[in-house]
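# Structural overview
Listed below are the residues making up each chain.
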Amino acid sequence: MRNELVFRRRSVRKYTGEPVDAATLETITAFCAAARPLYPDIKIHSRIVSKEQVRFYFPWKTPQLIAVFSEDKPGYLENVGFVFQQVDLFLQSIGLGSCWLGLGKLRDVGIQEDGMEFVILIAFGHPEESPLRSDISQFQRKPLAEITDTPDIRLEPARLAPSSTNSQPWYFVHEGDTIHAYRSEAGLLRHKTLGSMNRIDMGIALAHMYVTNPDAFQFFSTEAPELKGYRYTGSVTL
Ligand SMILES: Cc1cc2nc3c(=O)[nH]c(=O)nc-3n(C[C@H](O)[C@H](O)[C@H](O)COP(=O)(O)O)c2cc1C
């Protein structure tokens, strides 16, 4: 079911304001802990916080958010994107809306998790607007030809992935059965916060490749060709 949501989901910014009940919050917390990591050796943690614990300048009526923490190790931002995009899709599968919130901060910087740093927030709650698009034409995304060297329909889930400011920083190069994933160094990367968002975006696109190919998906690092204007993220077989 979750993989179909890749073709329908959208960010929800309008919520009814009704809190999500405790049993559902428990299910969400359990799903966060059980989602597949991209890098299993990186410790990651999430916690549900109330909107009073968050500094954010838009008047969204979401009573609760997910705060994500991680160890700071190579690949940790991609790992956060990978794990919590699975959570994003799960939230939609149970009828809730959600939106990554790169611009939000925890009010109490003292909120910490055992050696991990705060990474990002995800707003979620009962949606006032539909969390699903009626069809693919409603996605505003680059065409496939702009994100890969070989038009490959298997990249459609990555193409439709959400990204910060819809920047879609990904590019995919084929070599035999392997797909090398790269992120654009252009524009936003020069900005520290938004630059780290691009790494989260890459993990999100990889998550869409994983959930649509859960049995075959493999992620690894290899000797990939250099690509001008891009940084290598990792390689995938599907
Ligand atoms: C890492 C990340 C951070 C984001 N931060 C924000 C944010 O701070 N505020 C916001 O309104 N949307 C935010 N978004 C949502 C994007 O703007 C949205 O995913 C993108 O425009 C594509 O639209 P869609 O998710 O509806 O398909 C973020 C998305 C990602 C992936």
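Now for a description of the structure that goes with this document. (Residues numbered from 1 in each chain as written. Predicted model: local features only at pLDDT ≥ 70, side-chain atom pairs only at ≥ 80, totals over all residues. Heavy atoms only, no water.)

## As for helix α2 (residues 22-34)
Heads up, the condition is: Helix and strand labels come from DSSP, where a helix needs a run of H or I of at least four residues and a strand needs a run of E of at least two; each type is numbered from the N terminus. The length a helix should cover is 1.5 Å for every residue beyond the first. Accessible area is worked out with a 1.4 Å probe on protein chains only. A residue is then buried under 20% of its type maximum, exposed over 50%, and partly exposed in between. This arc describes the spread of directions from the helix axis toward the C-beta atoms. For the purposes of these results, a polar contact is taken to be a pair of N or O atoms within 3.5 Å, where, inside protein, one atom must be able to donate a hydrogen and its partner to accept one; residues adjacent in sequence count only when each atom of the pair is a side-chain atom.
Counted at 1.5 Å a residue, the expected span for α2 with its 13 residues is 18 Å, and the 18 Å between its end C-alpha atoms agrees. Every buried residue of α2 is accounted for by L25, I28, F31 and C32. Viewed along the axis of α2, the buried residues span an arc of 120°, placing them on a single side of the element. Away from its buried face by more than 90 degrees, α2 exposes A22, A23, E26, A33 and A34. N-cap assignment for α2: the residue whose side-chain oxygen lies 3.1 Å from the backbone N of A23 is D21.

## Comments concerning the packing of aromatic side chains
Basically, it comes down to this: Any two of the Phe, Tyr and Trp rings considered here, Trp counted by its six-membered ring, make a pair once their centres fall within 6.5 Å; the pair's planes then place it as stacked at under 30 degrees, edge-to-face at over 60, or tilted in between.
Following the criterion strictly, the structure yields nine aromatic pairs and no others. Ring plane angle 5° and centroid distance 4.2 Å describe the contact between F31 and F90, whose orientation is recorded as stacked. Residue F31 is located in helix α2, and its partner F90 is located in helix α3 (residues 76-93); the two are separated by 59 residues in the primary sequence. Classification of F31 by relative accessible area gives buried; the value is 18%. Chaining the aromatic ring pairs together yields one cluster made of F82, Y210 and F217.

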